[in-house]
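Residues per chain, in single letters:
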Amino acid sequence: MSNLDSVKAIYQAFAETDIPSVLGLLSPDIDWTEAEGFPYAGTYHGPHSVLTGVFMRLGSEWNGFAAVPDEFVDGGDTIVALGKYSGTYKATGKSFQANFAHVWKVQDGKAIRFIQYVDTLLVHRALQP
């Protein structure tokens with residue numbers, strides 16, 4: 001499986017809410033960085049930290065949260081995904097859509113680094129009552 005195929009498999013598994021498969025494609029040493037200003041901002045180390053700090057919160061706080069890539073840029077061991085987030089924040093009932101850029105570093109078929117770029121203001125508007 002190419003590095004690009006590995007990253008595409010992560011998005012496919014996430015879309016199917018197959019979180020165990022997503023976690024299986026992450027290196028045990030992954031550094032996962034959510035953008036400053038995003039509700040889950042910070043860097044998470046290891047798949048369990050990503051699960052509890054990001055995925056479980058997305059699942060419990062949002063309805064229909066999605067990260068849908070529109071385009072991939074294949075740089076070998078660095079893959080960039082461009083796409084759109086969407087979802088409805090349960091506490092407010094407000095929906096949002098925002099463009100994202102994700103930069104993945106892949107080694108031996110496993111993601112070792114993830115960096116998120118997103119317009120956090122669009123997300124925060126959904127959080128406000």
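Overview of the structure.

**Re the overall build of the protein chain**
Step number 1: The helix and strand tally for the protein chain stands at four helices and six strands.
Step number 2: For 129 residues, the compact-globule estimate of 2.2 N^0.38 gives 14 Å, and the protein chain sits close to it at 14 Å.
Step number 3: In terms of principal-axis extent, the alpha carbons of the protein chain reach across some 45 × 25 × 25 Å.
Step number 4: Residues counted as buried form 41% of the 129 residues belonging to the protein chain.
Step number 5: Contacts spanning at least 24 positions in sequence make up 49% of the contacts within the protein chain whose residues lie at least 6 apart.

**Here's the deal with the side chain of N3**
Step number 1: Tracing the backbone shows N3 in helix α1 (residues 3-15).
Step number 2: Here N3 is in contact with G76, D77, I79, V106 and G109, once residues within four sequence places are set aside.

**Describing the pairing of strand β4 (residues 78-89)**
Step number 1: As paired strands, strand β3 (residues 62-74) and β4 are joined by 10 bridges and run antiparallel to one another. The residue bridging W62 from the neighbouring strand is Y89, located in β4.
Step number 2: The turn joining β3 and β4, which pair antiparallel and follow one another in sequence, is formed by three residues; a positive phi near 85° is taken by G76.
Step number 3: Pairing geometry for β4 and strand β5 (residues 94-107), over 12 bridges, is antiparallel. Bridge pairing links G87 to F96 in β5.
Step number 4: Hairpin connection, β4 to β5: the antiparallel pair is bridged by four residues, and G93 has positive phi, about 75°.

**Points about the side chain of T120**
Step number 1: Positionally, T120 belongs in helix α4 (residues 120-127).
Step number 2: Look past the residues within four positions of T120 in its chain and what remains in contact with it is A35, E36, G37 and F38.

Cut-off values and rules
- Residues numbered from 1 in each chain as written.
- Predicted model: local features only at pLDDT ≥ 70, side-chain atom pairs only at ≥ 80, totals over all residues.
- Heavy atoms only, no water.
- Helix = DSSP H or I, 4+ residues; strand = E, 2+ residues; numbered from the N terminus.
- Rg over C-alpha atoms; globule rule 2.2 N^0.38 Å.
- Buried < 20%, exposed > 50% of the residue type's maximum accessible area, 1.4 Å probe, protein only.
- Contact = heavy atoms within 4.5 Å.
- Pairing = 2+ DSSP bridges.

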